[in-house]
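Geometric and topological summary
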Amino acid sequence: MLLSAPSLEIPLFQPYHILLHPHPLLPTKRTASCSASQRSSRHSLPPKSLCLLTEIPSFAADVEPIPDSFSSAARDPDDRSRAAAAVRRFDHGTLSSLLLSCSNLKAVKCLHAAAVRSSDASVTFVVNNLISAYVRFRELVAARKLFDGMPKRNVVSWTAMISGCLKMGLDDEVLRLFEALIESHVKANSLTYVCLLKSCGNLLDFELGRQIHSCVVKGNWSNKIVDSALVYFYAECGDLLGSSTVFARMSSKDVVTWTTMITARVQRGHGYEALSMFQEMQDLGFSPNEFTVCSILKACGELKELRFGKQLHGAIVKKKFKEDVYVGSSLVNMYARCAEVLDARTVFDTMPKRNTITWTSLISGYSSCGLGEEAILLFRRMKRRRVFANNLTIVSILSACGSIGSLCVGKEVHAQIIKNSGIGNIHIGSTLIWFYCKCGNYAYAARVLEAMPAKDVISWTAIISGLTSLGHGSEALEFLNDMLSEGVEPNPFTYSSALKACSKLEAISSGKWLHARVSKTSTLSNVFVGSALIDMYMRCGCTSDALRVFDTMQERNLVSWKMMVIGYAKNGLCQEALKFMYRMQEEGLYIDDYVLATVFGACGDVEWQLKSPPTSCVLSS
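Chains are numbered independently. Their residues run from 1 in the order of the written sequence. Per-residue local features are limited, in this predicted model, to residues with pLDDT of at least 70; the limit for side-chain atom pairs, both in listing and counting, is 80 or more; totals at the level of whole chains, interfaces and linings are taken over all residues. Here the side-chain values reflect all heavy atoms present in the structure, with hydrogen atoms and water set aside.

Per an unreviewed UniProt entry, the protein is named PPR repeat, and its organism is Musa troglodytarum.

Listed below in structure tokens is the structure:
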């Protein structure tokens, strides 16, 4: 997945809020409870974004114009005396306006120094605006120092600090501040709830988010901003029903809310629902933004909806939607996933600006289409231009090297991985194991697995599958034992690979032990595991066991049928093989030349008539 869902924009807390009556929350650990008392009236918030935007109180209109001397002082941090004199002539509202107009951190520090000299630095209103100004320039340490030094904090102080931590990605700190807010008996406002819902969505803290939702409902805090945050929270936690319920009840929706819903469906694999919502959104008069377009292009790539993707591309060319590097990267990814690498390369070459995702999308597209050489050439060009390669880039280029057996280039990439950070990423480590096995160098693959600080089922399956394909079945089964001893539960691909190893070794005892283990899990219903069991039993001469597995399979595919036919033929049971061939015909399955050649080669000359009953098969003497 190259593109993530568009983040919910929550601009920094701004001064001059008309604060809603806050709602009491009891001090509990990561929980929120609502007061039973309800206020008869609530202010409705009109802002267009997810921040509670400001409404200037009446006194702000009476503030005298800001003299040029103060503006120059704000730009020059050395002229603090003039700034302090200017501050003395203005009220706190003017100082807050100046903090809002600061275009750099030096100006904020200058105003801070001037406020200290004029004894305004202890006023809660002024400190709140200073905290917001510092957070706007990502100076969280300075903001926290001011916050911790406040003799008295109000809901604005707490929310400004919470909003700052949220912007910096410190979601755990957001929740710790919320707990402290509750313990301080400060009543939260709607912006506090918006920040908390965003943080709960980021942390996937579903339980706390639901309690916050309860507070919103009981406190009658619902408005477009809060409801949009609720939609985002439920979507991030994977609760599409919850997000749809909130979305349906919203009296007023905007493009951000629609995009959140569409992106959630794409991420959860409901691509066709996302395409339907995209059409509905436009029918209702909402114009999609670049984030919406990126999500829809991602859905087109996953669903192989090339026609829809091309229509969207045409609309982008006609300037119906904003085009930027993210939209261009999404187009490259869509064409690459639809195996249209020429179109992907055309879009790539015409992009005025590219990022890591753009390069990685095309490299991945070349790799998945078997064009390993082109992928390697593009990767070398990417490195010459000093474009940063992320983990997905490394995985894609290793896949390309493995697909064409380019051991030399793969080793160069491996050396670069070790030089940069080592094999700390599980996906990169697993891909390296697959790459070395694909190139026939299983000793290096085993060494990579041993060096990995953390291993998951994919890592173990990569080495087991790789060794099996190289004919090292005994070593593959030894790694399976190591995997089980470390407490890692195999998945269906692990079991099917291990059963293939038993099949090649004709190790019936190990195969039966695996069958018994698989029977205790839901993995037995997997069609690939069932086919592997049939193949193992047939190769070991246990045809009755193979038939028993076949009869109990909930789902069968062409491979399952072919295993039965070929297995019977190789075990000399030609009559049974022919009966299964006729059964395949009745099921509408195609009998290819390989099956026919195997049966004829094992059973000699037979009279094979299409659409004939099994009794018409005659074996030659």
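Let's shift gears to the UniProt feature "repeat: PPR" (unreviewed entry) in the protein. UniProt positions are given in the numbering used here, feature names are shortened, and annotations may be inferred rather than shown by experiment. On the UniProt side, "repeat: PPR" (unreviewed entry) is annotated at positions that read residues 154–188, 254–288, 355–389, 456–490 and 557–591 here. Each end of residues 456–490 is marked by a C-alpha atom, and these two atoms are 10 Å apart; helix forms 74% of the span and strand 0%. Each helix is a run of H or I in the DSSP string that is no shorter than four residues. Each strand is a run of E no shorter than two, and both are numbered from the N terminus. Secondary structure content for residues 557–591 is 74% helix and 0% strand, and the end C-alpha separation is 13 Å.

This brings us to the pattern of salt bridges. Salt bridges are counted wherever a side-chain nitrogen of Lys or Arg sits within 4 Å of a carboxyl oxygen of Asp or Glu. This model, assessed by the stated rule, comprises twelve salt bridges. Across the salt bridge formed by Arg176 and Glu173, the nearest N and O atoms sit 3.0 Å from each other. You can see Arg176 and its partner Glu173 sitting in helix H8 (residues 171–183), three residues apart, about one turn around the helix. Here's how the labels work: a residue is buried when its accessible area is under 20% of the maximum for its type, exposed when over 50%, partly exposed in between, all with a 1.4 Å probe on protein chains only. By relative accessible area, Arg176 is classed as partly exposed at 47%. Linking Arg380 and Glu412 is a salt bridge whose minimum nitrogen-to-oxygen distance equals 3.7 Å.

This paragraph deals with unusual backbone geometry. Even without being a glycine, Ala339 presents a positive backbone phi close to 65°. Checked against the element boundaries, Ala339 lands in the loop between helix H17 (325–337) and helix H18 (341–350). Here the phi dihedral of Glu506 falls at roughly 55°; this positive angle occurs in a residue that is not glycine. Relative to the helices and strands, Glu506 is located in the loop between helix H27 (492–505) and helix H28 (508–519). When its relative accessible area of 52% is taken as the criterion, Glu506 is described as exposed.

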